[in-house]
Amino acid sequence: MDKESVIKLELFINQTDVPSGNYFEVRDPGRFANVIAQVAIGSATHVHEAVSAAHHAYQTWKHSGMSQRIDRLNCAALELEKLSSQLAQTLVQEQGMLLRDTQRDVANGIRTLRETAALAASFFEVKEYEDEEGWVRVEKVPRGVVAAIVPWNAPMGLTMGKVGPALATGNTIVVKPSPFAPVAVSQALKAMAACFPPGVINIVYGEGDVGTALTHHPLVRKISFTGGTKTGKAVMAAAAESIKNIGLELGGNDPAIILDDVVPAEVVPELIKGIFPRSGQVCYAIKRVYVPARIYDKFYDTLCEAVNEYKVGYGLDPRSTLAPLNNQNQYNFIKGLTQRTRQSGAVVRELGQKLDPDHWDHGYYVLPAVVRDVSPTAELVVNEQFGPIIPLIPYESEQQVLAMANGTEYGLASSIWSHDYDRASRLAGEIEAGITFINSHARTALGNRHMPFGGVKQSGIGRVRTTVGMDEYIEYHAINLNKKTIPSTKKVNPQDAKQI
Ligand code: NDP
């Protein structure tokens, strides 16, 4: 890549680019030689400036009318739409994913903004309740400055899932993108910021200390964090200092439970869409598959056959059906995990085809792998792998498989596969997870806009999407007027008085 095409990203505070003088490089995970961007390294002082700008803007933005906020969100969606093909392309180069996945990520971000705008008016209807004593009016009010901390794996959809509801409900925001995918999301946010008053959207980048400074800042009233469970614990501890509200979308170790009435060839094509998207780097990807012992061998063979069809290559190569991993830590972890799993005595079968093998030493490429004869308590089974290696575990009874599925501290999504809806639905009720899919486990099933998304146990706190997700960005303010003590002139049209 020539020097001129390297993007320079400055901090973005109060609608202004703020140079920091120090920069880190973003390189293409599929072509190490390509420097995509130089990104400003912020400091705790920059974080303070960004939070102060957001706090200042909040004093006005919180009073903006709902129709104004809806218009501005729709304006933001349009700005994002105008840039969508360029953003999808940039995402591939900084993040490594397939172009079709980054196009979906951008489309998801646009849809999220529009859906939030469409829900906002009815969400904000004020409820009033009257009895003999007086009136109670329950208002939904914004919280203040929101700190949005996002990971690299689906940055556009995840960021817009925070920005949309935060701004629609009258908050202002400081976004900290991941150092492994800061470019496209920042270009999107800067373009969208023009739809809002200065200071409503701010962006900071940094190395470790910036996230810490943001989560500790006393003027931040809510932290919306998506990332690993370990980091989530640090965020929660920081929030405790000044009792900030938190939303945590953390890691998952999603089980897929195959019931004994299915035919492997019927299930496998859909199942792999839940295992391998983004090379397994999806929080709600299937991370372990439980198969009835009776059909275990057949299932393993059918799955291997399907996985062998993957072509692993560069994200912008239209022949690729799996792309490289995002970063060196993830690459080293998956390589090490594969080796340790093999050494434990499990059968690890690496499958698929390498496209352009000459490039493999210059990118984080790995082949997908299917693992059998693995202990149900092996590292690969009980931890989140976040990569394209999947264990198959046999089971004998419903009771046994439920105990294994629930025997983890994770509880994001899960799935059950069967022709028997009643049985699948009964078992779904026994799974400890925020989401259970029946006969799917893929992003297409999340397209249903009535699905709130989030996890239980150590997979998170709170929900995103739908009005349940918007609820996370408001406080309830109850105003109680006693009509007996001091007679009031307040009049209520009985038709407006609603039961809460
Ligand atoms: P990390 O937890 O490593 O990082 C996430 C973000 O947190 C980054 O922006 C990082 O930036 C920042 N960060 C790191 N330390 C701190 C800190 N002490 N205080 C504040 N911020 C901090 O996750 P990854 O980016 O590696 O993403 C992968 C993980 O995210 C997986 O576990 C995956 O399951 C999870 N995830 C969960 C989703 C869900 O919806 N449940 C969705 C997508 C991913 P920096 O490193 O610069 O500090």
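Since this is a predicted model, take the numbers as computed values, not measurements.

1. Looking at the packing of helix 5 (residues 155-168) against helix 6 (residues 183-193)
Right, on to step 1. At a closest axis distance of 9 Å, the pairing of helix 5 and helix 6 adopts a crossing angle of 35°. Considering only the axes of helix 5 and helix 6, their crossing is right-handed. In contact with Pro155, Met156, Thr159, Met160 and Val163 of helix 5, helix 6 contributes Ala184, Val185, Ala188, Leu189 and Met192.
Right, on to step 2. Its residues assigned to classes, the contact of helix 5 with helix 6 shows nine nonpolar, one polar and no charged.

2. What about empty space enclosed by the protein?
Right, on to step 1. By the definition in use, this model includes two cavities of 30 Å³ or more.
Right, on to step 2. A volume near 80 Å³ is recorded for the largest cavity.
Right, on to step 3. Along its surface, the largest cavity is lined by Lys222, Ser224, Gly247, Leu248, Glu249, Ile461, Gly462, Arg463, Val464, Gly469, Glu472 and Tyr473.
Right, on to step 4. Of all the elements in the fold, those that place two or more residues in the lining of the largest cavity are strand 11 (220-226) and strand 12 (245-249).
Right, on to step 5. With three residues, the top contributor of residues to the lining of the largest cavity is strand 12.
Right, on to step 6. Of the residues in the lining of the largest cavity, the class split is four nonpolar, four polar and four charged.

3. A closer look at the nonpolar core
Right, on to step 1. Counting residues in hydrophobic clusters, the biggest one holds 80 residues, and the most contacted among them are Leu80, Met156, Ile173, Met192, Phe196, Ile201 and Leu214.
Right, on to step 2. Among all residues touching Leu214, those that are not within four sequence positions of it are Val47, Val51, Ala147, Ile149, Val174, Lys176, Val204 and Val220.
Right, on to step 3. Ile258, Val268, Phe276 and Ile286 belong to the second-largest nonpolar core, a separate cluster that totals 32 residues.

4. Description of the site of the ligand
Right, on to step 1. The immediate surroundings of the ligand are formed by 30 residues, with Gly228, Thr231, Glu249, Leu250 and Glu384 found nearest.
Right, on to step 2. Contacts to the ligand include Trp152, whose side-chain N or O atom sits 3.1 Å from an oxygen atom.
Right, on to step 3. Contact distances for the ligand include 2.6 Å between a nitrogen atom and a backbone N or O atom of Leu250.
Right, on to step 4. Taking 910 Å² as the accessible area of the ligand by itself, protein coverage stands at 84%.
Right, on to step 5. Here the ligand is seated within the largest pocket.
Right, on to step 6. Looking at the shell around the ligand, the elements that each hand over two or more residues are helix 7 (209-216), strand 11 and helix 8 (229-241).
Right, on to step 7. Taken together, the residues of the shell around the ligand sort by class into 15 nonpolar, 12 polar and three charged.

5. A word on the pattern of salt bridges
Right, on to step 1. Taken as a whole, this structure holds 25 salt bridges when the rule is applied.
Right, on to step 2. With its nearest N and O atoms 2.9 Å apart, the salt bridge here joins Lys190 to Asp17. Of this pair, Lys190 sits in helix 6 while Asp17 sits in strand 3 (residues 16-18), placing them 173 residues apart in sequence.
Right, on to step 3. Salt bridges linked by common partners bring Asp260, Glu398, Arg423 and Arg426 together as one network.

6. Examining the layout of surface pockets
Right, on to step 1. Quantified by volume, the largest pocket comes out at close to 1200 Å³.
Right, on to step 2. Lining the largest pocket are 43 residues; nearest its centre among them are Phe225, Gly227, Gly228, Thr229 and Thr231.
Right, on to step 3. At the level of secondary structure, the elements contributing two or more residues to the lining of the largest pocket comprise helix 7, strand 11, helix 8 and helix 11 (328-343).
Right, on to step 4. Examining the composition of the lining of the largest pocket, we find that seven residues originate from one element, helix 8, more than from any other.

7. Quick word on the sheet that holds strand 1 (residues 7-9)
Right, on to step 1. Strands sit in the order 1-5-4 across an open sheet of three strands; the sheet is mixed. Edge positions in the sheet fall to strand 1 and strand 4 (23-28), since each of these pairs with one other strand and no more. Ignoring which end each strand starts from, the neighbouring axes of this sheet average 35° apart.
Right, on to step 2. Pairing of strand 1 with strand 5 (residues 31-40), which is carried by three bridges, proceeds in the parallel orientation. Opposite Ile7, over in strand 5, you have Ala37 as the bridge partner.
Right, on to step 3. Those strands touched by helix 3 (residues 84-95) are strand 1, strand 4 and strand 5, and its axis lies near 100° from that of strand 4.
Right, on to step 4. Along the sheet, helix 6 makes contact with strand 1, strand 4 and strand 5, crossing strand 1 at roughly 65°.

8. Regarding the packing of aromatic side chains
Right, on to step 1. Tallied over the entire structure, the rule returns nine aromatic pairs.
Right, on to step 2. Between Phe123 and Phe124, the aromatic rings sit 5.4 Å apart at their centres with planes inclined by 85°, giving edge-to-face as the arrangement. Phe124 carries the same exposure label as Phe123, and that label is buried.
Right, on to step 3. With centroids separated by 5.1 Å and ring planes inclined at 25°, the aromatic side chains of Trp360 and Tyr365 adopt a geometry described as stacked.
Right, on to step 4. By relative accessible area, which is 3% here, Tyr365 ends up buried.

9. Here we look at the packing of helix 3 against helix 6
Right, on to step 1. Viewed as axis vectors pointing N to C, helix 3 and helix 6 meet at an angle of 150°, and their least axial separation amounts to 8 Å. The angle between helix 3 and helix 6 places the two elements in the roughly antiparallel class. Residues Gln86, Leu87, Thr90, Leu91 and Glu94 of helix 3 form the contact with helix 6, whose own contacting residues are Val183, Ala184, Gln187 and Ala188.

10. Side note on the pairing of strand 14 (residues 286-292)
Right, on to step 1. A large share of strand 14 lies buried, amounting to seven of its seven residues.
Right, on to step 2. Pairing geometry for strand 13 (residues 254-258) and strand 14, over four bridges, is parallel. Residue pairing for strand 14: Ile257 is matched across the bridge by Tyr290.

Reading guide: rules and limits
- Residues numbered from 1 in each chain as written.
- Predicted model: local features only at pLDDT ≥ 70, side-chain atom pairs only at ≥ 80, totals over all residues.
- Heavy atoms only, no water.
- Axes fitted to C-alpha atoms, helices over the stretch in contact; angles between N-to-C directions.
- Helix = DSSP H or I, 4+ residues; strand = E, 2+ residues; numbered from the N terminus.
- Left-handed = near helix turned anticlockwise from the far one by under 90°.
- Contact = heavy atoms within 4.5 Å.
- Nonpolar A, V, L, I, M, F, W, Y, C, P; charged D, E, K, R; others polar.
- 1 Å grid on protein atoms, 1.4 Å probe; cavity = no way out; pocket = protein on both sides within 12 Å on 5 of 7 lines; lining within 4 Å.
- Points joined across faces, edges and corners; volume = space filled by probe spheres on them.
- Core = buried A, V, L, I, M, F, W, Y, C linked by side-chain atoms within 4.5 Å.
- Buried < 20%, exposed > 50% of the residue type's maximum accessible area, 1.4 Å probe, protein only.
- Near = heavy atom within 4 Å.
- Polar contact = N/O pair within 3.5 Å; in protein donor to acceptor, adjacent residues only side chain to side chain.
- Areas by Shrake-Rupley, 256 points an atom, 1.4 Å probe, with all protein chains shown as cover.
- Sits in = over half its atoms within 2 Å of the grid points.
- Salt bridge = Lys/Arg side-chain N within 4 Å of Asp/Glu carboxyl O.
- Pairing = 2+ DSSP bridges.
- Phe/Tyr/Trp six-rings, centres within 6.5 Å; stacked < 30°, edge-to-face > 60°.
- Parallel < 35°, antiparallel > 145°, perpendicular 65-115°, else oblique.

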